[in-house]
There are 4 protein chains.
Amino acid sequence: MNSFGRLFKVSLFGESHGKGVGIVIDGCPPGIRISEDDFEKDLSRRRSGAKGTTPRKEADKPVILSGIYNGYTTGSPIAIIFENNNTRSRDYDFVNKPRPGHADFVAHRKFKGFEDPRGGGHFSGRLTVNLVAAGVIAKKILGDVEINARILEVGGSKDIEKTIEEALKSGDSVGGLLECRVKGLPVGLGEPFFDSVEALLSHAVFSIPAIKAIEFGSGFQAAKMRGSEHNDDFINENGETETNYAAGINGGITNGNEIVFRIAVKPTSSISKPQNTFNFETGKREELQVKGRHDACIALRVPPVLEAVTAIVLADLLLLNNAR
Amino acid sequence: MNSFGRLFKVSLFGESHGKGVGIVIDGCPPGIRISEDDFEKDLSRRRSGAKGTTPRKEADKPVILSGIYNGYTTGSPIAIIFENNNTRSRDYDFVNKPRPGHADFVAHRKFKGFEDPRGGGHFSGRLTVNLVAAGVIAKKILGDVEINARILEVGGSKDIEKTIEEALKSGDSVGGLLECRVKGLPVGLGEPFFDSVEALLSHAVFSIPAIKAIEFGSGFQAAKMRGSEHNDDFINENGETETNYAAGINGGITNGNEIVFRIAVKPTSSISKPQNTFNFETGKREELQVKGRHDACIALRVPPVLEAVTAIVLADLLLLNNAR
Amino acid sequence: MNSFGRLFKVSLFGESHGKGVGIVIDGCPPGIRISEDDFEKDLSRRRSGAKGTTPRKEADKPVILSGIYNGYTTGSPIAIIFENNNTRSRDYDFVNKPRPGHADFVAHRKFKGFEDPRGGGHFSGRLTVNLVAAGVIAKKILGDVEINARILEVGGSKDIEKTIEEALKSGDSVGGLLECRVKGLPVGLGEPFFDSVEALLSHAVFSIPAIKAIEFGSGFQAAKMRGSEHNDDFINENGETETNYAAGINGGITNGNEIVFRIAVKPTSSISKPQNTFNFETGKREELQVKGRHDACIALRVPPVLEAVTAIVLADLLLLNNAR
Amino acid sequence: MNSFGRLFKVSLFGESHGKGVGIVIDGCPPGIRISEDDFEKDLSRRRSGAKGTTPRKEADKPVILSGIYNGYTTGSPIAIIFENNNTRSRDYDFVNKPRPGHADFVAHRKFKGFEDPRGGGHFSGRLTVNLVAAGVIAKKILGDVEINARILEVGGSKDIEKTIEEALKSGDSVGGLLECRVKGLPVGLGEPFFDSVEALLSHAVFSIPAIKAIEFGSGFQAAKMRGSEHNDDFINENGETETNYAAGINGGITNGNEIVFRIAVKPTSSISKPQNTFNFETGKREELQVKGRHDACIALRVPPVLEAVTAIVLADLLLLNNAR
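Parameters at a glance
- Residues numbered from 1 in each chain as written.
- Chains lettered and ligands numbered in written order.
- Predicted model: local features only at pLDDT ≥ 70, side-chain atom pairs only at ≥ 80, totals over all residues.
- Helix = DSSP H or I, 4+ residues; strand = E, 2+ residues; numbered from the N terminus.
- Rg over C-alpha atoms; globule rule 2.2 N^0.38 Å.
- Buried ≥ 20, exposed ≤ 12 C-beta atoms within 10 Å, placed from the backbone.
- Contact = placed C-beta atoms within 7 Å.
- Nonpolar A, V, L, I, M, F, W, Y, C, P; charged D, E, K, R; others polar.
- Least-squares fit on C-alpha atoms with pLDDT ≥ 70 in both.
- Pairing = 2+ DSSP bridges.
- Axes fitted to C-alpha atoms, helices over the stretch in contact; angles between N-to-C directions.
- Parallel < 35°, antiparallel > 145°, perpendicular 65-115°, else oblique.
- Left-handed = near helix turned anticlockwise from the far one by under 90°.
- Arc of directions from axis to C-beta.
- pLDDT = per-residue confidence, 0-100.
- Expected span 1.5 Å × (residues − 1).

1. Quick notes on the overall build of chain A
- Within chain A, the regular secondary structure consists of seven helices and 15 strands.
- In terms of C-alpha radius of gyration, chain A reaches 21 Å, essentially the compact-globule figure of 20 Å for 324 residues.
- Across its three principal axes, chain A shows a C-alpha extent of roughly 70 × 55 × 35 Å.
- Burial statistics for chain A: of 324 residues in total, 66% are counted as buried.
- Considering only contacts in chain A between residues 6 or more positions apart, those separated by 24 or more positions represent 71%.

2. Quick word on the environment of Asn-96 of chain B
Residues and elements named next belong to chain B.
- Counting through the fold element by element, Asn-96 comes out in the loop between strand E7 (78-83) and helix H2 (104-110).
- Judged by C-beta crowding, with 13 C-beta atoms within 10 Å, Asn-96 ranks as partly exposed.
- Once the C-alpha coordinates of Asn-96 and Gly-283 are considered, the two residues, 187 residues apart in sequence, prove to be 9.7 Å apart.
- Not counting residues up to four positions away in its chain, the partners in contact with Asn-96 are Asn-279, Phe-280 and Glu-281.

3. Let's talk about the interface of chain D and chain B
- Between chain D and chain B, the contact holds eight residues from the first and eight residues from the second.
- Of the residues in the side of chain D that touches chain B, the class split is five nonpolar, one polar and two charged.

4. Observations regarding the relation of the copies chain D and chain B
- The transformation that overlays chain D on chain B combines an axial shift of 0.0 Å with a rotation of 180°, and the residual RMSD is 0.0 Å. Here the transformation between the copies is reduced to the relation of a two-fold axis. Taking C-alpha positions as reference, the residue of chain D nearest the rotation axis is Ala-323 of chain D, located at 2.0 Å.

5. A short note on the relation of the copies chain A and chain B
- For the pair chain A and chain B, the relating rotation is 180°, the translation along its axis is 0.0 Å, and the fit reaches an RMSD of 0.0 Å.
- A symmetric contact is evident, with 99% of the interface residues of chain A recurring at the interface of chain B.

6. A short note on the sheet that holds strand E7 (residues 78-83) of chain D
Residue and element names in this part refer to chain D.
- Spatially, the five strands line up as an open sheet ordered E1-E2-E3-E7-E4, and their pairing is antiparallel. The two strands at the open ends of the sheet, each matched to only one other strand, are strand E1 (3-4) and strand E4 (63-66).
- When E1 meets strand E2 (residues 9-14), the two strands line up antiparallel, connected through two bridges. By the bridge assignment, Ser-3 is partnered in E2 with Ser-11.

7. Some words on the interface of chain A and chain B
- The interface of chain A with chain B comprises 88 residues on the first partner and 87 residues on the second.
- Put simply, the parts of the chain that give the side of chain A that touches chain B at least two residues each are strand E1 (3-4), helix H2 (104-110), strand E9 (176-183), helix H5 (197-205), strand E10 (211-216), helix H6 (227-230), strand E13 (259-265) and strand E14 (275-279) of chain A.
- A class-by-class count of the residues in the side of chain A that touches chain B yields 38 nonpolar, 33 polar and 17 charged.
- In the sheet, E10 of chain A pairs with strand E10 (residues 211-216) of chain B via three bridges, with the strands oriented antiparallel. Within E10 of chain B, the residue paired with Ile-214 of chain A across the bridge is Ile-214 of chain B.

8. Section: the environment of Lys-291 of chain C
Residues and elements named next belong to chain C.
- Tracing the backbone through its elements, the reader meets Lys-291 in the loop between strand E15 (284-288) and helix H7 (303-323).
- The exposed category is assigned to Lys-291, around which 11 C-beta atoms lie within 10 Å.
- C-alpha separation for the pair Lys-291 and Asn-244, spaced 47 residues apart in sequence, amounts to 46 Å.

9. Quick notes on the packing of helix H5 (residues 197-205) of chain C against helix H5 (residues 197-205) of chain D
- Two numbers describe how H5 of chain C lies on H5 of chain D: the axes approach to 8 Å, and their chain directions differ by 170°. On the basis of their axis angle, the class for H5 of chain C and H5 of chain D is roughly antiparallel. Listed contacts from H5 of chain D to Ala-199, Ser-202 and His-203 of chain C of H5 of chain C are Ala-199, Ser-202 and His-203 of chain D.

10. Describing the pairing of strand E9 (residues 176-183) of chain B
Residue and element names in this part refer to chain B.
- The pairing of strand E8 (residues 146-154) with E9 spans eight bridges and is antiparallel. By the bridge assignment for E9, Ile-151 is matched with Leu-178.
- The pairing of E9 with strand E13 (residues 259-265) spans seven bridges and is antiparallel. If you follow Leu-178 over to E13, its bridge partner there is Ile-263.

11. What to know about the sheet that holds strand E2 (residues 9-14) of chain B
All names here are of chain B.
- The strand order E1-E2-E3-E7-E4 describes an open sheet built from five strands, whose pairing is antiparallel. Each of the sheet's edge strands pairs with one partner strand only, and the pair in question is strand E1 (3-4) and strand E4 (63-66).
- Of the pairings in the sheet, the one linking strand E3 (residues 20-26) to E7 comprises six bridges and is antiparallel in character. Across the sheet, the residue bridging to Ile-23 is Ile-80, located in E7.

12. Looking at the packing of H5 of chain D against helix H7 (residues 302-322) of chain D
All names here are of chain D.
- For the pair H5 and H7, the least separation of the axes is 9 Å and the interaxial angle reads 140°. Considering the angle they form, H5 stands oblique to H7. Seen along the crossing, H5 lies across H7 with a hand that is right-handed. Listed contacts from H7 to Leu-200, Leu-201, Ala-204 and Val-205 of H5 are Leu-306, Val-309, Thr-310, Ile-312 and Val-313.
- Along the lines of polarity and charge, the residues of the contact of H5 with H7 split into eight nonpolar, one polar and no charged.

13. A closer look at the environment of Gly-143 of chain D
- The residue Gly-143 of chain D is located in the loop between helix H3 (128-142) and strand E8 (146-154) in this model.
- When the C-alpha atoms of Gly-143 of chain D and Asp-26 of chain D are compared, they prove to be 19 Å apart, with 117 residues separating the residues in sequence.

14. Focus: unusual backbone geometry
Residue and element names in this part refer to chain B.
- Unusually for a residue other than glycine, Phe-193 sits at a positive phi of about 60°.
- Structurally, the position occupied by Phe-193 is in the loop between E9 and helix H5 (197-205).
- Even without glycine at this site, Ala-247 takes up a positive phi of about 60°.
- For Ala-247, the position within the fold is in the loop between helix H6 (227-230) and strand E11 (249-250).
- Taking the C-beta count within 10 Å as the criterion, Ala-247 has 26 such neighbours and is therefore assigned buried.

15. Concerning helix H4 (residues 160-169) of chain A
All names here are of chain A.
- Taken as a whole, H4 has its buried residues at Ile-160, Thr-163, Ile-164 and Ala-167. Buried positions in H4, seen along its axis, are confined to an arc of 100° and lie on one side of it. Across from the buried face of H4, at angles greater than 90 degrees, the exposed residues are Glu-161, Lys-162 and Lys-169.
- Buried residues belonging to H4 abut strand E8 (146-154).
- Positioned one or two residues after H4, Gly-171 has a phi angle of 65°, which is positive.

16. Focus: the confidence of the model for chain A
- Per-chain confidence: chain A averages 94 in pLDDT, with 98% of residues scoring 70 or above.
- Overall fold confidence for the complex sits at a pTM of 0.97, while the interface term, ipTM, reaches 0.97.

17. Here's the deal with H3 of chain D
Residue and element names in this part refer to chain D.
- An ideal rise of 1.5 Å per residue puts 21 Å on 15 residues; H3 measures up with 20 Å between its terminal C-alpha atoms.
- Burial runs high along H3: 14 of the 15 residues are buried.
- Looking one or two residues past H3, Gly-143 carries a phi angle of roughly 60°, positive in sign.

18. Some details on the pairing of E10 of chain A
Residue and element names in this part refer to chain A.
- In terms of residue burial, E10 counts as a mostly covered element, since six of its six residues are buried.
- Two elements, E10 and E13, share five bridges in a ladder whose sense is antiparallel. Counted as the bridge partner of Phe-216 is Phe-261 from E13.

What follows is the structure, given as structure tokens:
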């Protein structure tokens, strides 16, 4: 349920306002050079701080409990934890007045009232710090493969800073559009049907909170196209194609061309603007004002997380491909 | 690799022009009433025959090898096979001149020349007949839950017949846009992170050949929206919401509202219009004319397959929910 | 539930007196030469016919539905079925008077009366024919590795023929002791803890009906030994050891020495001698006489099945080892 | 590789002399009352201290990082870690002179020299503390089910203290024989073939280091028995049987009678007595004296570990049974 991957396998745990969050990475080959510093670049890209991100600041210092010895992976499971320090639990109590767009209501029902409700508990975006950490290791396995995610638009506009500023002013939040590109993959990763590259990537991507859509290459545009236009002609013996509507994937398997996909991130559900909800105690609809510290645009923090889950999927497929 | 599901688990096999294709369904509870007739409705919706679908006609008669006794599931694995009768293999040989948009090139590389190339082999859309069969059983497990998939557009137009006719005339093909809606699910299906409803549904959906995109509820539009607009207000004690941008899912878990998602199907890669490819024998680009029988719009046949994979995912999550 | 393996993955289906039994093998590398004849040797070793085995004779002709093309594995799932021809269902009806030692009682309870009761249904030893078929392919993956299982004793005696004859005369059955040896494995197969070689082999071995015990190398004798005696001294740079109490496995991982293990097979539960059972309809204990065709010593047919599951486990571990 | 279980799923990590060891338990139902004190009883049974156990003393205080809130499980993953405090790494360096009976040699080969060699690294029996912790939670899921493991013999003798004393005096170690009994299980747990109760229990049991053999009920004795003797007659409507050679399991499924199995634990590989090994640096056989702190009889510490893995398997099967 909280695990993913066949050979490079990650298992998440933790809650937003508990002792900490963490991840266990099993199946990482031995002999990969890793230091705690290697994590800093991607972790800091994810960290809050920029305008539009939450004022909650966590050091996000990875504590490596196992699986790395003398600076190299040992082949045993790598456990990494991040302590929670900057928690202010009194900001939150939405068990009876669930925040619209949040998991408060479903968590309370699914877990029969035993969920940890503080700061979204196990549903918190805080847990994506773990994905970033696993992604750092996955990227090392992938070697020269380049994975780049970037923001294309925020709130429907390319003027990102201005859009954020407006959202902040009005106590509101905005969504975002991202693109991820992967260069340098060999031909042949992925499996027909259930382990197609698109199936696994979308599975991993929708494991990131707040994602609403994904499209590969031509994406939704493909629905409007003709075959003569959409078919990518092969132009040389490496399988390079003239166009790349297929996004580097045929029949679920990498064809050596660039993988390209786009995702939509919804606007942060937590907003300071007053909104309505249902009070399950009184049985009445009433106004809700969510205090606390929020991201005005969570999409700003998604690129390193998106790269990370992409790397996790591709590292697994690369190892799987080696097996044969 | 060709299996999917944790408790309701399906395993696919078969090739387009081999003896047949089939599926093994493990984990189906005992006591579900099933006859071979139950399969006919969804199988006939998927079958070719309408204008725009391939003239290859298969009887698609399911042969149930195991797991059903006296008209009820026994609790043991259900194996279903579909014989291939209407195969004309001489139509196909694309090992050295791979068809653009098809898996010919990647299959040849991945499987080192040992792939069955006839009619796309294991990559053929023919295998989706198995998914439909498993979906019939999954729908029975779901009881009163209603799953409906329908075509919204073909080639960018709502005038489906006309668009298909034009594509056929020009020896070309067109893509399509579909929507799937699920009513009647309980609150609480799905798991945070890796087994979120969106993660599992998208995984299953991208296991269907030719899918390029998926969006849940607000989908790509969410990227342009504000939180105050996107948040669905709860309006009563059942968790019903005023709007449904969340598509019935919060934090990866069903909230009792309708699940809604849309997918894009690319135009069929096989077209009779001449196109270019690379000849791996001569090392030169050359023209390719793909004879044989094609669907001008494979999207027409996708609705029952889409319902089937949706049912497979939800039946698994329902059983998983029972476990606790 | 009916699947096993991580990369070389088998899925069983079928019932004793249904249309047939079968297996799907996923993850087999492409390019392995296989003909239907290759199965004959091990299938015939398992087949009944010798004194002490059931007079029910099945042709056991494997029908390969998929995954093999032009005499080689394609890399796609291999589905193999065996039709049931020689079934005489009237011999059996033990729903209300469960046969001691059989699964009649538990199947009826577990599957709420919907189980296929004919000939043991899905619980039948008939399904081991599938394991043998998968084992034939697994052995090919293992190449020069030699796997040999043989009977050491039957009914506590080395005079196998005589013991069987006596059992037959008295309408009774006898158990047996088997040994399996594996030569030629590389160092390094297996994983610490949950995927130790012993853990996976024992898992697979206890999936064969009628097995009651397994011991590796020193086995139960180890409980009586001292460390100075039990420790196998390394004697050269290949890791060869002077003794082999460890059975070729240290810390769950192959050390390059021979794997050796022994198993106990219980006496066939079906005997023609009258015995007692409980009648669930009348609520009274009463005598039961099991007609039909039985093996007086099922152990005689186990060696190829034991080799097969051993090969399945080791082929999976070999592929897994290649991944890194 | 370091994970086990389908619904109640455990993932191990850690090394003997690293920062700590730990376990993540996913799939535990919400609402189970757990305090850190609940772990003490079983952890102290496993802890060293008695004559014959290693003088290395670890506090074994479980630190619960996640999944428990206000004294109850939340339904989210439970992560538990145990810090390593009492490590004396200079005692150990066996990379080039591998200790007989240990994993030094195979770990070095398998992990290409990158393994953490200190104190056996990830192969250490220290990791079984995690299993005990998970077992405490599994036992709570099982409610009134009673699981009891006890030592039957040590070094072939029932006079345990005397045997240990002699072993200590001679710088040697001894093996042991254990029995585990489980009362109170419902009829119907387990699945035919690959998830039979015996298959899963033996898988889990052989995941404990130093186990060499397992037998259920009649065990190896079954090989010598006749069917008329071995078949357990049903005597009442609950499925109780007169004898219990089947060990409470028919066809891989619990029949409601007591589960009984025995295991053999080899003598601790670490002994202070001089022994021989191969020096991979010099290419010569030479004497080895293993200093450090050892258990003279590791079997003494196995009972709570054996109960724990038994509980882990049965809790998983109980949840799985609920699903249908």
